[in-house]
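Chain by chain, the residues run as shown.
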Amino acid sequence: MQIARLENKLIVVSEPVGVAAYDFDPGLHFACTHPYRIEGEETCVLRIGPIADYAAEFEDKLGMGLRLVNSPQEHVRASELEAWYPLLGALTPRTEVFDSLPSAATIEAAFAWPVFMKGSRQTSKHDPELSVICSRAHYELAAQRYRDDPILHWQKPVIREFVALEPVRGQVAGKVRPSVEYRSFWWHGHCVGWGRYWNQVAPYACADEHAGRALAAQAAALVAVPFLVVDVAKTADGRWIVIECNDAQESGYTGIAPQLLWRALLARIVA
């Protein structure tokens, strides 16, 4: 695990996880020092991939004199759908979170097929067979796979209203169809990163991208977490919606150049 103070402004605690869209060595792009002892208490960002026990990590780093930028309560608000969804209202598709997998009849009482299924924190790598559920029979099969899936089985199941998105050219093997979707990073309410979510396909753009960015800004203000990711997408009928929110410490850069993101973030910090 590397501890680096970037430009004498912010400490980043990181370790590589082997994912190109997530890993980034700030020491190759910024002037860094590597403190072995922290005097007093400093804010830090944790970049170690998915965090199994955030509260424990928060306390561990606090013992080193490092305060993670998001508190445990803010981490939950950013990461758990049942925490951020009530804050966004009509900005995001109608959703129900369940303690355990609901029956098909329960789903049919509240939604029409198809529905979008995911865990309370994430999908199973955008697997279409575990995401876009087209019928009762499909759900019965997907529910069994959900119970056995290493990513989903520990998460609360979520059923969302299915909203068709504006597609883009290209496909990614084993993933839902790519759409006009963007990821945004927010540092204390300021956008420090904006880019295509589906960076594996040909570049895409749309004339009203500014409207998507405005929606992301609205969502970031409502969730009000210091370091936050908001993903937005354009629907097939031309609207913009919030897809999800996350703790930016755990989020990949997707189509955002990380060095530009960190440069913009550091510019927001007064040394």
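Residues numbered from 1 in each chain as written. Predicted model: local features only at pLDDT ≥ 70, side-chain atom pairs only at ≥ 80, totals over all residues. Heavy atoms only, no water.

- The chain goes by DUF4343 domain-containing protein in an unreviewed UniProt entry, where it is assigned to Massilia genomosp. 1.

Let's talk about the UniProt feature "domain: ATP-grasp" (unreviewed entry) in the chain
Then comes step 1: This chain's UniProt record puts "domain: ATP-grasp" (unreviewed entry) on residues 142–265.
Then comes step 2: Strand forms 28% of residues 142–265 and helix 24%; the C-alpha atoms that close the span are 41 Å apart. (UniProt positions renumbered as here; feature names shortened; annotations may be inferred. Helix = DSSP H or I, 4+ residues; strand = E, 2+ residues; numbered from the N terminus.)

Thoughts on the pairing of strand 4 (residues 42–47)
Then comes step 1: The pairing of strand 2 (residues 10–14) with strand 4 spans four bridges and is parallel. Each residue of the ladder has a partner; that of valine 12, found in strand 4, is valine 45.
Then comes step 2: Once you follow strand 4 into helix 1 (residues 54–62) and on to strand 5 (residues 66–68), the crossover reads as right-handed. (Pairing = 2+ DSSP bridges. Right-handed = clockwise from strand over helix to strand, strands pointing away.)

Things to note about the sheet that holds strand 13 (residues 240–247)
Then comes step 1: The strand order across the open sheet built from four strands is 11-10-12-13, with neighbouring strands paired in antiparallel fashion. At either margin of the open sheet sits one strand with a lone partner, and together these are strand 11 (190–196) and strand 13. In this sheet, neighbouring strand axes are inclined to one another by 25 degrees on average, regardless of whether the strands run parallel or antiparallel. (Axes fitted to C-alpha atoms, helices over the stretch in contact; angles between N-to-C directions.)

What about the pairing of strand 1 (residues 2–6)?
On any regular strand, side chains alternate: one points to one face of the sheet, the next to the other face.
Then comes step 1: Judged from the five bridges that link them, strand 1 and strand 2 form a sheet pairing that is antiparallel. Note on strand 2: the bridge partner recorded for alanine 4 is valine 12.
Then comes step 2: Counted between consecutive antiparallel strands, the loop separating strand 1 from strand 2 contains three residues, among which glutamate 7 sits at a positive phi close to 50 degrees.
Then comes step 3: As paired strands, strand 1 and strand 3 (residues 32–33) are joined by two bridges and run antiparallel to one another. The residue of strand 3 that forms the bridge with arginine 5 is threonine 33.

Some details on helix 3 (residues 81–88)
One full turn of an α-helix is made of 3.6 residues, so residues set three or four places apart face in the same direction.
Then comes step 1: Turning to helix 3, its buried residues are Leu81, Trp84, Tyr85 and Leu88. All buried residues of helix 3 project into a common sector of 110 degrees when viewed along the axis, lining one side.
Then comes step 2: Buried residues belonging to helix 3 abut helix 2 (72–79), strand 6 (95–97), strand 7 (115–119), strand 9 (157–161), helix 6 (209–223) and strand 13. (Buried < 20%, exposed > 50% of the residue type's maximum accessible area, 1.4 Å probe, protein only. Arc of directions from axis to C-beta. Contact = heavy atoms within 4.5 Å.)

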